[in-house]
Amino acid sequence: MLALLTALYAVGSFGFLAVSPLSPFLRDGFGLTRFQVGLLVPAVYVGGLVFSIPAGRLADRLGPRACLTSGLTLGGLMLLVGAAATGFPTFLMCLVVTGIGWSVVNPALGRALFELFAARERGFAMGIKQMGQTVGGIAAALVLPIVAEQWGWRLAIGSSAMLLVVFVGLASHPMSVFRSEAHKAPAMTTGTAGTPWWWLRRAALLVVFGAGLGLGMVQSAFLSYFPLFAIQALGLSKVGAGVLLGVAQTGGAAARLGLGAVSDRWLEGRRVPGLVLTSALTAGAFMLLTWSPGSGWGLQSVGVFCAGAGVLGWVGLYMVLSAELGGAEHAGSMTGVGVAFLLAGILLGGPLFGVVLENTDSYAMGWTVFALISGGIGAALWAFSSAIHRECIGEGRGAETASAAISGGSGNEA
């Protein structure tokens, strides 16, 4: 089942991440400014930002199978419509609706892996599942620019959408194993402390979700502008930029597997150290790439590999951490909250980098700003690491519940 879920995630990512390696072709096709290019990747996620929290609750209620098949099918069909769009606003709207379908996927997968694996296995399992996204991104970076170069970006997007719809149809029946889980899913209670917004009163949870916001910004900036940076600053061709983006995706895949295994086996389920490491790695790699653009292909590849490990390697740990913060009752819901913050960051990151680039005409300044953001996130996570771990093992939730019970009892006596 893990292999199937990973493959499904890879095929979905191949379609949903298509706009990143195809951004130079879309720029030429629609006559976009550099700022408008920064809207492409965030557009895939803007619908998901609104729908992620309800999607998490749906994952807890309906189970993974229904959410995965419906969400991925919707996304694939809207990509097909977008491939035929004649204007940039229409194309962006198609990406927005595509993002609504994609928003259901991560909460559903988080719920599925929480049910399938014990705590000492989840980090590695989530790393394998997240590697599906990276493998899909690598394939998109290597294949889609070649297809677009030969036959145009419309065929590149349309073919990836068709692949997704067909694969979802094939995967639907094997996922019927999750049907029996839907009726076992917890009732949609009002939350651990009497409200679905109980997590807003927990500083440790807010730090984690704030980190997701900031790291999502960094990831969005990298995926949105690295292909153009490789062409304009490093002097590569469009296909060469896609190859270098594939190197970054490879670094992300390696980091997701390695960090997941380390957090399970040697850190006793602690996820924060891996997030701190990726934050620091991102900051260092950005500084290396931007202040030494003429360093040669070898050093550039090493820097891009490290950047990919930092920019993409944290997502698996963040997802499993979000699910563990919710516990057995709210794993899907808290994954949805985590995804919502991540998507908000993705929406902000690309346009913010575009603003810096337009006002300074300097890629180095843009990467420096985002290196500082990444370093600050790592410092905040490290400062709250003990409190976050207590929340994961249930101490924070238990204390809140006990406090609510005592308060309720006093009120009744009064």
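Looking only at helices and strands, one finds 18 helices and 0 strands in the protein. For the protein, the residues scored as buried account for 59% of the 414 residues in total. Considering only residue pairs separated by 6 or more positions, the protein has 84% of its internal contacts joining residues 24 or more positions apart. Total accessible area on the protein is roughly 14900 Å²; 68% of this is exposed by carbon and sulfur atoms.

Next up on the list: the confidence of the model for the protein. Residues with a pLDDT of 70 or more make up 88% of the protein, whose mean pLDDT is 82. Model confidence for the protein, summarised as mean pLDDT per element, is weakest for helix α18 (residues 395-413) at 40 and strongest for helix α16 (residues 363-383) at 94. Contacts from residues 180-194, a stretch scored under 50 in pLDDT, to residues over four places away or in other chains number 28 contacts.

What follows concerns the pattern of salt bridges. The full count for this structure, using the stated rule, is 5 salt bridges. Across the pair Lys238 and Asp28 runs a salt bridge, and its minimum N-O distance is 2.6 Å. Linking Lys238 in helix α12 (residues 238-265) with Asp28 in helix α2 (residues 23-30), this pair joins segments that are 210 residues apart in sequence. Judged by its relative accessible area of 28%, Lys238 falls in the partly exposed class. Glu324 is the salt-bridge partner of Arg122, the closest N and O atoms lying 3.7 Å from each other. With Arg122 in helix α8 (residues 119-151) and Glu324 in helix α15 (residues 315-360), the pair connects residues that are 202 residues apart, well separated along the chain. Take Arg122: its relative accessible area is 13%, and that puts it in the buried class.

Not every positive phi belongs to a glycine, and Asp361 is a case in point at roughly 50°. Of note, Asp361 is situated in the loop between α15 and α16. Asp361 gets classed as exposed once you look at its relative accessible area, which sits at 57%.

A word on helix α1 (residues 2-16). Spanning 15 residues, α1 covers 21 Å between terminal C-alpha atoms, matching the ideal 21 Å at 1.5 Å per step. Burial analysis of α1 places 12 of its 15 residues in the buried class, which makes it a mostly covered element. Three or more residues of α1 are buried, namely Leu2, Leu5, Thr6, Leu8, Tyr9, Ala10, Val11, Gly12, Ser13, Phe14, Gly15 and Phe16. In the core, the buried residues of α1 are packed alongside α4 (40-62), α5 (64-83), α6 (88-103), α7 (105-116), α8 and α9 (153-172).

This brings us to a nonpolar patch on the surface. Residues Leu142, Val143, Ile146, Val239 and Val243 make up a contiguous nonpolar surface patch of roughly 340 Å² in combined accessible area. Mapped onto the nonpolar patch, the elements with two or more residues apiece are α8 and α12. Here Val239 lies in helix α12. Residue Val239 is classed as partly exposed on the basis of its relative accessible area, which comes to 31%.

This brings us to the nonpolar core. As a rule of thumb, soluble globular proteins bury nonpolar side chains together. If you look at the biggest cluster of nonpolar residues, it comprises 119 residues, and the most contacted ones within it are Leu40, Phe91 and Phe222. With 17 residues, the top contributor of residues to this core is helix α11 (residues 203-232). Excluding residues that lie within four positions of it along the chain, Phe91 makes contacts with Val19, Leu26, Phe30, Leu40, Gly82, Ala85, Trp153 and Ile157.

Moving on: the packing of helix α13 (residues 272-291) against α16. For the pair α13 and α16, interaxial distance at closest approach is 8 Å and the crossing angle is 160°. Classed by the angle they form, the pair α13 and α16 counts as roughly antiparallel. The handedness of the crossing between α13 and α16 comes out as left-handed. Contact with α13, carried on its side by Val272, Leu275, Val276, Ser279, Thr282, Ala283, Phe286, Met287, Thr290 and Trp291, involves Tyr363, Ala364, Trp367, Thr368, Phe370, Ala371, Ser374, Gly375, Ile377, Gly378, Leu381 and Trp382 of α16 and no other residues of that element. In terms of residue class, the contact of α13 with α16 is made up of 15 nonpolar, 7 polar and no charged.

Cut-offs used in this document
Counting of residues starts from 1 at the beginning of each chain's written sequence and follows it residue by residue. With pLDDT at 70 or above as the cut-off, local features in this predicted model cover only qualifying residues; side-chain atom pairs require 80 or more to be listed or tallied, and sums for whole chains, interfaces and linings still use all residues. Think of the side-chain values as coming from all heavy atoms in the structure, minus any hydrogens and water. A run of H or I in DSSP counts as a helix once it spans at least four residues, and a run of E counts as a strand once it spans at least two, with each numbered from the N terminus. Here the term buried applies to any residue with accessible area under 20% of the maximum for its type, exposed to any over 50%, and partly exposed to those in between, with areas from a 1.4 Å probe on protein chains only. Two residues qualify as a contact provided that any one of their heavy atoms is within 4.5 Å of a heavy atom in the partner residue. Here the open area of atoms and residues is found with the Shrake-Rupley method and a 1.4 Å probe, where only the protein chains shown may cover a residue. Scored from 0 to 100, pLDDT records how confident the predictor is in each individual residue. What counts as a salt bridge is simple: a side-chain nitrogen of Lys or Arg found within 4 Å of a carboxyl oxygen of Asp or Glu. Multiplying 1.5 Å by the helix residue count minus one yields the expected span of that helix. Each patch is built from residues that are more than 30% exposed by relative accessible area and take part in no salt bridge. Like charges join if they lie within 9 Å; nonpolar side chains (Val, Leu, Ile, Met, Phe, Trp, Tyr) join within 5 Å. Side-chain atoms within 4.5 Å link the members of a nonpolar core, which is a set of buried Ala, Val, Leu, Ile, Met, Phe, Trp, Tyr and Cys residues. Only the stretch in contact is used when a helix axis is fitted, and all axes are lines through C-alpha atoms; the angle between N-to-C directions ranges over 0 to 180 degrees. In this scheme, roughly parallel covers angles under 35 degrees and roughly antiparallel covers those over 145, while 65 to 115 is roughly perpendicular and the rest are oblique. Handedness of a crossing follows from how the near helix is turned relative to the far one, being left-handed for an anticlockwise turn of less than a right angle and right-handed for a clockwise one. Each residue gets one label: Ala, Val, Leu, Ile, Met, Phe, Trp, Tyr, Cys and Pro are nonpolar, Asp, Glu, Lys and Arg are charged, and the others, such as Gly, are polar.

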